[in-house]
Amino acid sequence: MTADLVPPLGDPRPQPDLAVTEEVLPNGLRLVVVPRPGVPLVELRLRVPFAAATARTAAQHTARASVLSGAVLLGTTAHDATGIAQLVQAHGGELSVSTDPDRLLFATTLLADGLAPVLGVLAEVLTGATYPTDLVEAERARVSERISIARSQPGVIARTALAARRYGAHPYAEQLPSVELVGAVRGQALRKLHRERVLPTGSTLVLVGDLDPAAAVDAVGTALAGWTGEGTAVAAPPAPSLAPGHLEVVDRPGAVQSNLRFGGPAPSRTDPDLPAVRLANMVYGGYFSSRLVENIRERRGYSYSPRSSVDHLAAASSFLVEADVATEVTGPAFLETWYELGRMALAPVSDEELDGARRYVLGSMALSTSTHAGLASTLSALVGAGLAPGWLAEHQRALAEVTAEEVQDAARRYLQPAGLTAVVVGDAEVVADELRALGPVDVRASAAPVDEAP
């Protein structure tokens, strides 16, 4: 088929209005119910704010949280881990628990007629998790092994180095706990942490699927009535605004690859600048048709998958750039990545670039919320950040109205190279001097061994 026979792309579909039922239960839990009839399934997401309260306690909290997220399902006063799993599986579900710097998340997919019994299992875990000593020790060993492996990966080293530079004395600087602190976690400490921090007030429960809103509200209210506790779940404190400082090279002697990372502040979800910054990010490096990909992948062959993104945490939003390149082209790749950032502020964004970026963002939003699971996860993040479910449609309308001039202005303010913190993980003996041609460089050692093949 020739190009002139390919039909033109249609306009992106508008975000459908959601029929949302919201309640704040007597125990302080915020409940959001979104009916989606058809497939007889329900997606459940319980988000509990679970940030470290201070930088001083961040390392220990992160270690304990990493163990707690696996150990919380190891048994309750009524059932062991197998019993908990079987109760949920009987209704088509598998309860998972994960943690990040902001929250503890309980998630499952279940058959619609199993909502009440699965909520009963969730309530049992929330109010009666026992953290048995022997099982906690096994979970602790598993987490320690996983962290040891992760800490040897150059991408993880780069991410943690960038976070430490960007956040300083803030809990977000503690991206990955040490093996030593994880090894010190005990069941008693987990029980105390659960009692003090897994609280309904401040938490949000999102249900999306084939359900009746009134019946769902009643089922949640009945099942979770016994989940109580004094205080409010802890959110992260405001993140600091730190000057970028010198380029930092994290030395990995003998590394055949360098990992380039840039990061800086970005608008929050409630900031009117966000739509323009999201589109500027797409034009720069957010998808395959971006300027960065065309330059250092397609034209020069420096990197297979360079990319940029706008990411949101509760207390900070970030513009991030990643590129992994061969050691011998570290300097040129860094220069071209830097150059494209500057070009975003100086070279006008064409109508074609803006249209492609806008279609990609709107299409991605539509795809990510087209399934029960995608919508539930999206709403959990939005509601957990204090936004109304209607933000999705409002943000789509705002994206549709952004002009090329607004994109360039946003790039000038948020993507400018001098405002970004830069980290390179690689062989300092090979790359540091050539990077000094671009500006001051600080070199520090990495504790991780090099374990990579050419």
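Treat the numbers as computed from the prediction; the structure is a model and nothing was measured.

What counts and how
Residues numbered from 1 in each chain as written. Predicted model: local features only at pLDDT ≥ 70, side-chain atom pairs only at ≥ 80, totals over all residues. Heavy atoms only, no water. Pairing = 2+ DSSP bridges. Helix = DSSP H or I, 4+ residues; strand = E, 2+ residues; numbered from the N terminus. Axes fitted to C-alpha atoms, helices over the stretch in contact; angles between N-to-C directions. Contact = heavy atoms within 4.5 Å. Buried < 20%, exposed > 50% of the residue type's maximum accessible area, 1.4 Å probe, protein only. Phe/Tyr/Trp six-rings, centres within 6.5 Å; stacked < 30°, edge-to-face > 60°. Parallel < 35°, antiparallel > 145°, perpendicular 65-115°, else oblique. Nonpolar A, V, L, I, M, F, W, Y, C, P; charged D, E, K, R; others polar.

Some details on the sheet that holds strand E7 (residues 247-251)
Stage number 1. In space, the six strands of this open sheet follow the order E9-E10-E8-E11-E7-E12, with mixed pairing throughout. Across the chains shown, the open sheet's two edge strands, defined by having one partner strand only, are strand E9 (307-312) and strand E12 (441-445). Each neighbouring strand pair of the sheet contributes to a mean axis angle of 20°, computed without reference to strand direction.
Stage number 2. In terms of strand pairing, E7 meets E12 through five bridges, oriented parallel. In the strand pairing of E12, Asp 251 is matched with Ala 445.
Stage number 3. Strands in contact with helix H9 (residues 274-286) are E9 and strand E10 (317-326); relative to E9, the strand with the most contacts, it is inclined by about 155°.
Stage number 4. Contacting E7, strand E8 (257-265), E10 and strand E11 (421-426), helix H11 (residues 330-346) crosses the sheet at an angle of about 25° to E8.

Let's talk about the side chain of Glu 336
Stage number 1. By secondary structure assignment, the location of Glu 336 is in helix H11.
Stage number 2. Judged by relative accessible area, Glu 336 falls into the buried class, the value being 13%.
Stage number 3. Excluding its chain neighbours within four sequence positions, the residues that come into contact with Glu 336 are Asn 295, Ile 296, Arg 300 and Tyr 302.

What to know about the environment of Ala 418
Stage number 1. Along the chain, Ala 418 turns up in the loop between helix H15 (404-414) and E11.
Stage number 2. Here Ala 418 falls in the exposed class, since its relative accessible area comes to 60%.
Stage number 3. Taking the C-alpha atoms as reference, Ala 418 lies 9.2 Å from Gly 245; in sequence the two are 173 residues apart.
Stage number 4. Contact partners of Ala 418, with chain neighbours within four places excluded, come to Pro 244 and Trp 338.

Points about the packing of aromatic side chains
Stage number 1. Enumeration according to the criterion identifies six aromatic pairs in this entry.
Stage number 2. Considering the side-chain rings of Phe 262 and Phe 334, the 5.1 Å spacing of their centres and the 40° angle between planes classify their relative orientation as tilted. Of this pair, Phe 262 sits in strand E8 while Phe 334 sits in helix H11, and the two are 72 residues apart along the sequence. Each member of the pair Phe 262 and Phe 334 is classed as buried.

Section: unusual backbone geometry
Stage number 1. The phi angle at Tyr 131 is positive, at roughly 50°, despite the residue not being glycine.
Stage number 2. Position of Tyr 131 relative to the elements: it lies in the loop between helix H3 (115-128) and helix H4 (133-151).

Regarding the packing of helix H12 (residues 351-368) against helix H14 (residues 391-401)
Stage number 1. The interhelical angle for the contact between H12 and H14, taken along N-to-C directions, is 170°, at an axis separation of 10 Å. Here H12 lies roughly antiparallel to H14, going by the angle between them. Only Leu 392, His 395, Gln 396, Leu 399, Ala 400 and Glu 401 of H14 make contact with H12, whose side of the interface consists of Arg 358, Val 361, Leu 362 and Met 365.
Stage number 2. Of the residues assigned to the contact of H12 with H14, the class counts are six nonpolar, two polar and two charged.

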